[in-house]
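One letter stands for each residue in the lines below.
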Amino acid sequence: MCSLFKKALFTCALVLASGATALAANDTLTIVSAPFGKTGYVMGSAIEDIIKKSGSGIKITQEEGYGMFYNLKKLHTADADARKTMIIMGTLTSMWQAQNGKPPFKEPIAADMRVLFSMYDSDSCFMSRDPKIKSVPDLVGKTVAIGKKSQDVYGTFLFDHIDAGYGLADKINVQWVGNASALSSFKDGLSDAAGADILSNPATGEVAAGPAAIEVQASYDKVNWFGSSKEALDNVLKTTGIPYTIVKVPAGTFEGQTEEFLTLGTPNFWGASLDMPEEVAYQFVSTIIKNVDQFQTYHSAGKLITKEALCYGFTKDQLHPGAYRAFKEAGLMD
């Protein structure tokens, strides 16, 4: 019996040692987030701080990213060692576009990227200060400023409303200027409409205005906020094949918004290559699950990040094996 007990202790020690070795061998995890100052960058800083305070032993640092498409290309072209330690911010739609070789990608890339955990859904809609512009068809003959073609939520999402949804791309002057420049253009009266940002919790349905939209609300009394009709959004899904989420934005989400509307969204998550050791991904995600309530102390959007939302809507195959193990252990997945 004593011999069996010693053998069990030895086996347990080997298991613990293998986990520690995985972390030591991979040194510091690098988070590639969003442009400095954006919500995604703040959340990257939050993850860095939460992990450092957790006592998990994981070393982690953040670097600035420049959009979901940029992040995917960075992971795809990284060398073997970097792929073991790199975590990027991504969206389900951009991952689908990359892995299926759909525009802006010319061929499939990042086929081995998997989700670690989701934060919230990133959504966008339109805003106008012109009382006559309350829908996408009202933009005919007008100018709308949106994100760059390398941006999904602020760029291609909004263009798909116009083009795939209503077929009005040739009748509306679309300016692909980037979300920051679009906001400036809108505030300076150089565009008739622009994109507005929304965040939502897919598990609870809670929706909140994003930072840019909040800034506009604070500057102007009368703003029209709108998305698209259900028929137009169904056209988008059918025409593009992109796995968009149709999001219901309740009345009162924005100041002066008296009616609910529908728009496009997607889960915003952190992902990694399958080259990342399973034990590393498991320890990282387990630490996030245990400390998920802390996100709300770093940014108002953190209140949308709940334990249930971390893996909401994802399948086992979409998750990194280490993440799936962590979620299953926490009772969040079967």
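Residues numbered from 1 in each chain as written. Predicted model: local features only at pLDDT ≥ 70, side-chain atom pairs only at ≥ 80, totals over all residues. Heavy atoms only, no water.

Undergrad: Just checking my understanding: could you explain the packing of aromatic side chains for this structure?
TA: Note on aromatic pairs: each is described by the distance of the centres and the angle between the planes. Tallied over the full model, the rule gives 10 aromatic pairs. Ring geometry for Phe117 versus Phe295: centroids 6.4 Å apart, planes at 45°, classification tilted. Of the two residues, Phe117 sits in strand 4 (residues 113-128) while Phe295 sits in the loop between helix 10 (278-290) and helix 11 (321-329), which places them 178 residues apart along the sequence. For Phe295, a relative accessible area of 0% translates into the label buried. Arranged with centres 4.1 Å apart and planes meeting at 5°, the rings of Trp225 and Phe254 form a pair that is stacked. Taken together, the positions of Trp225 in strand 9 (residues 224-226) and Phe254 in the loop between strand 10 (245-249) and strand 11 (261-273) put the pair 29 residues apart, joining distant regions of the chain. (Phe/Tyr/Trp six-rings, centres within 6.5 Å; stacked < 30°, edge-to-face > 60°. Helix = DSSP H or I, 4+ residues; strand = E, 2+ residues; numbered from the N terminus. Buried < 20%, exposed > 50% of the residue type's maximum accessible area, 1.4 Å probe, protein only.)

Undergrad: I'm lost on the packing of helix 3 (residues 68-77) against helix 5 (residues 92-99) in this one. Help?
TA: At a minimum axis distance of 10 Å, the contact between helix 3 and helix 5 shows a crossing angle of 50°. Taken together, helix 3 and helix 5 sit at an angle that is classed as oblique. For the crossing formed where helix 3 meets helix 5, the hand is right-handed. Between helix 3 and helix 5, the contacting residues are Met68, Phe69 and Leu72 on the first element and Ser94, Met95, Gln97 and Ala98 on the second. Taken together, the residues that form the contact of helix 3 with helix 5 break down as 5 nonpolar, 2 polar and no charged. (Axes fitted to C-alpha atoms, helices over the stretch in contact; angles between N-to-C directions. Parallel < 35°, antiparallel > 145°, perpendicular 65-115°, else oblique. Left-handed = near helix turned anticlockwise from the far one by under 90°. Contact = heavy atoms within 4.5 Å. Nonpolar A, V, L, I, M, F, W, Y, C, P; charged D, E, K, R; others polar.)

Undergrad: In this structure, what is going on with the environment of Ala218? I would like to understand it.
TA: Mapped onto the elements, Ala218 comes out in helix 8 (residues 211-219). Considered as a pair, Ala218 and Glu255 are 37 residues apart in the sequence and their alpha carbons are 9.3 Å apart.

Undergrad: Got a minute to help me understand the pairing of strand 2 (residues 59-63) in this structure?
TA: Each regular strand shows side chains that alternate between the opposite faces of the sheet. Of the two faces of strand 2, only the one carrying Ile60 and Gln62 is buried; Lys59, Thr61 and Glu63 on the other face are not. In this sheet, strand 2 lies alongside strand 1 (residues 28-32) in parallel orientation, the contact comprising 5 bridges. Residue pairing across strands places Thr28 opposite Lys59, the latter belonging to strand 2. For the segment spanning strand 1, helix 2 (residues 39-54) and strand 2, crossover handedness is right-handed. (Pairing = 2+ DSSP bridges. Right-handed = clockwise from strand over helix to strand, strands pointing away.)

Undergrad: Is there a simple way to think about the nonpolar core in this case?
TA: As a rule of thumb, nonpolar side chains are buried together in soluble globular proteins. Core analysis: the biggest nonpolar cluster contains 59 residues, and Ile47, Leu116, Phe117, Trp270, Phe284, Phe295 and Phe327 have the highest contact counts within it. Here the element with the most residues in this core is helix 10; it accounts for 7 residues. When neighbours within four sequence positions are excluded, Leu116 is seen to be in contact with Ile87, Trp270, Gly271, Ala272, Ala281, Phe284, Val285, His320, Ala323 and Phe327. Within the second largest apolar cluster, 17 residues are counted, among which are Cys125, Leu183, Val247 and Phe254. (Core = buried A, V, L, I, M, F, W, Y, C linked by side-chain atoms within 4.5 Å.)

Undergrad: Hey, could you run me through the pattern of salt bridges in this one?
TA: One pass over the structure, following the stated rule, counts 11 salt bridges. For the salt bridge of Glu48 with Lys52, the shortest nitrogen-to-oxygen distance reads 3.1 Å. On the criterion of helical spacing, the pair formed by Glu48 and Lys52 is a turn pair, its members being 4 residues apart in helix 2. One salt bridge connects Glu278 with Arg325, and the closest N-O pair in it is separated by 3.0 Å. One end of the pair, Glu278, is in helix 10; the other, Arg325, is in helix 11, and 47 residues separate them in sequence. Relative accessible area serves as the criterion here: at 37%, Glu278 is assigned to the partly exposed category. Through salt bridges that share partners, Arg83, Asp112 and Asp275 make up one connected network. (Salt bridge = Lys/Arg side-chain N within 4 Å of Asp/Glu carboxyl O.)

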